[in-house]
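Chain by chain, the residues run as shown.
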Amino acid sequence: GAKCGCINFPMKKVWATDNALIVTSKLNLKFTAIVLEAADLNRLNVANAQPLITGTKIKQVRIALPPLSEQHSIVSYLDDKCGKIDKMLEGKQKQIELLAEMKQRIIADAVTHGLNPDVKMKATNIPWLPEIPEHWEMDSLRRFLKLFAEKGHGDKQLLSVTREQGVIERNTDSKEENHNFIPE
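Now for a description of the structure that goes with this document. (Residues numbered from 1 in each chain as written. Predicted model: local features only at pLDDT ≥ 70, side-chain atom pairs only at ≥ 80, totals over all residues. Heavy atoms only, no water.)

1. With respect to the overall build of the protein
Helix and strand counts for the protein come out as three helices and four strands. Per-residue burial over the protein gives 17% buried out of 184 residues. Contacts in the protein between residues far apart in sequence, at least 24 positions, make up 34% of those at least 6 positions apart. For the protein, the computed accessible surface area is about 15,700 Å², with 57% contributed by carbon and sulfur atoms. (Helix = DSSP H or I, 4+ residues; strand = E, 2+ residues; numbered from the N terminus. Buried < 20%, exposed > 50% of the residue type's maximum accessible area, 1.4 Å probe, protein only. Contact = heavy atoms within 4.5 Å. Areas by Shrake-Rupley, 256 points an atom, 1.4 Å probe, with all protein chains shown as cover.)

Next up, the structure:
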């Protein structure tokens, strides 16, 4: 992956790989996980094809260490405050989803029915688009689209169809940003 130095705080017994470092001291484990998240261990990543952070580098990271009782207090405080923020985020996430649905509906209505709600409609015999405004025409996309599968397309904007994102602008410069990257 593009990221390493991730912190995992399992609440049950787990098997760790040989690429894991395990906290074995008498620290408050949740406090330690929070501190290590804040330390952003990914910044220690040695830039190469496969991200790598050595255990030696991580062991050199210095952290502030309050007494154990204060660690417990800090964890309780953060659980309370972050829990409240998480609940607010859940509510906002639902609002975002509803707004995204509303946006899609507005777009779909505009491109399939036009802007005049009183326009007379005609049947199309197309299952996904049963009717369109009477003064609109129907045509096949093949008249307007040409498939490109090679680089060197000049200034033409390429589109890709993805299962996850629908129609997107193809980015031929980035493998990470585009599922349909055309290799050299």
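2. Remarks on helix 1 (residues 29-38)
Those residues of helix 1 lying buried are Phe-31, Thr-32, Ala-33, Val-35 and Leu-36. A positive backbone phi angle near 50° is found at Asp-40, which sits one or two residues after helix 1.

3. Overview of the side chain of Thr-124
Considering the arrangement of structural elements, one finds Thr-124 in strand 1 (residues 121-126). Take Thr-124: its relative accessible area is 13%, and that puts it in the buried class. A distance of 3.1 Å separates a polar side-chain atom of Thr-124 from the backbone nitrogen of Ile-126. Aside from chain neighbours lying at most four places away, what touches Thr-124 is Leu-129, Pro-130, Glu-131, Ile-132 and Met-138. (Polar contact = N/O pair within 3.5 Å; in protein donor to acceptor, adjacent residues only side chain to side chain.)

4. Brief notes about the nonpolar core
Judged by nonpolar contacts, Cys-4, Leu-36, Ala-39, Leu-41, Leu-44 and Ile-53 together constitute the single largest core of six residues. Not counting residues up to four positions away in its chain, the partners in contact with Leu-41 are Cys-4, Gly-5, Ile-7, Leu-36, Ile-53, Ile-58 and Val-61. (Core = buried A, V, L, I, M, F, W, Y, C linked by side-chain atoms within 4.5 Å.)

5. A few points about unusual backbone geometry
What is expected of a backbone is that most residues other than glycine have negative phi and most peptide bonds are trans. Even without a glycine there, the phi angle at Asp-40 is positive, about 50°. According to the relative accessible area criterion, Asp-40 is partly exposed, its value standing at 37%. Positioned with a positive phi, Asn-125 is a non-glycine residue whose angle comes to about 65°. Residue Asn-125 is classed as exposed on the basis of its relative accessible area, which comes to 76%.

6. Thoughts on the environment of Thr-32
Looking at the secondary structure, you find Thr-32 in helix 1. Taking the C-alpha atoms as reference points, Thr-32 and Ile-7, 25 residues apart in sequence, are found 9.7 Å from one another. Once residues lying within four places of it in the same chain are set aside, the contact partners of Thr-32 are Val-23 and Leu-27.

7. Description of the packing of helix 1 against helix 3 (residues 68-113)
At a minimum axis separation of 9 Å, helix 1 and helix 3 run at an interaxial angle of 70°. With respect to helix 3, the axis of helix 1 lies roughly perpendicular. As helix 1 packs across helix 3, the resulting crossing turns out to be left-handed. For the pair helix 1 and helix 3, the contacting residues are Lys-30, Phe-31 and Ile-34 in the first and Gln-71, Ile-74, Val-75, Leu-78 and Asp-79 in the second. Across the contact of helix 1 with helix 3, the residue classes tally to five nonpolar, one polar and two charged. (Axes fitted to C-alpha atoms, helices over the stretch in contact; angles between N-to-C directions. Parallel < 35°, antiparallel > 145°, perpendicular 65-115°, else oblique. Left-handed = near helix turned anticlockwise from the far one by under 90°. Nonpolar A, V, L, I, M, F, W, Y, C, P; charged D, E, K, R; others polar.)

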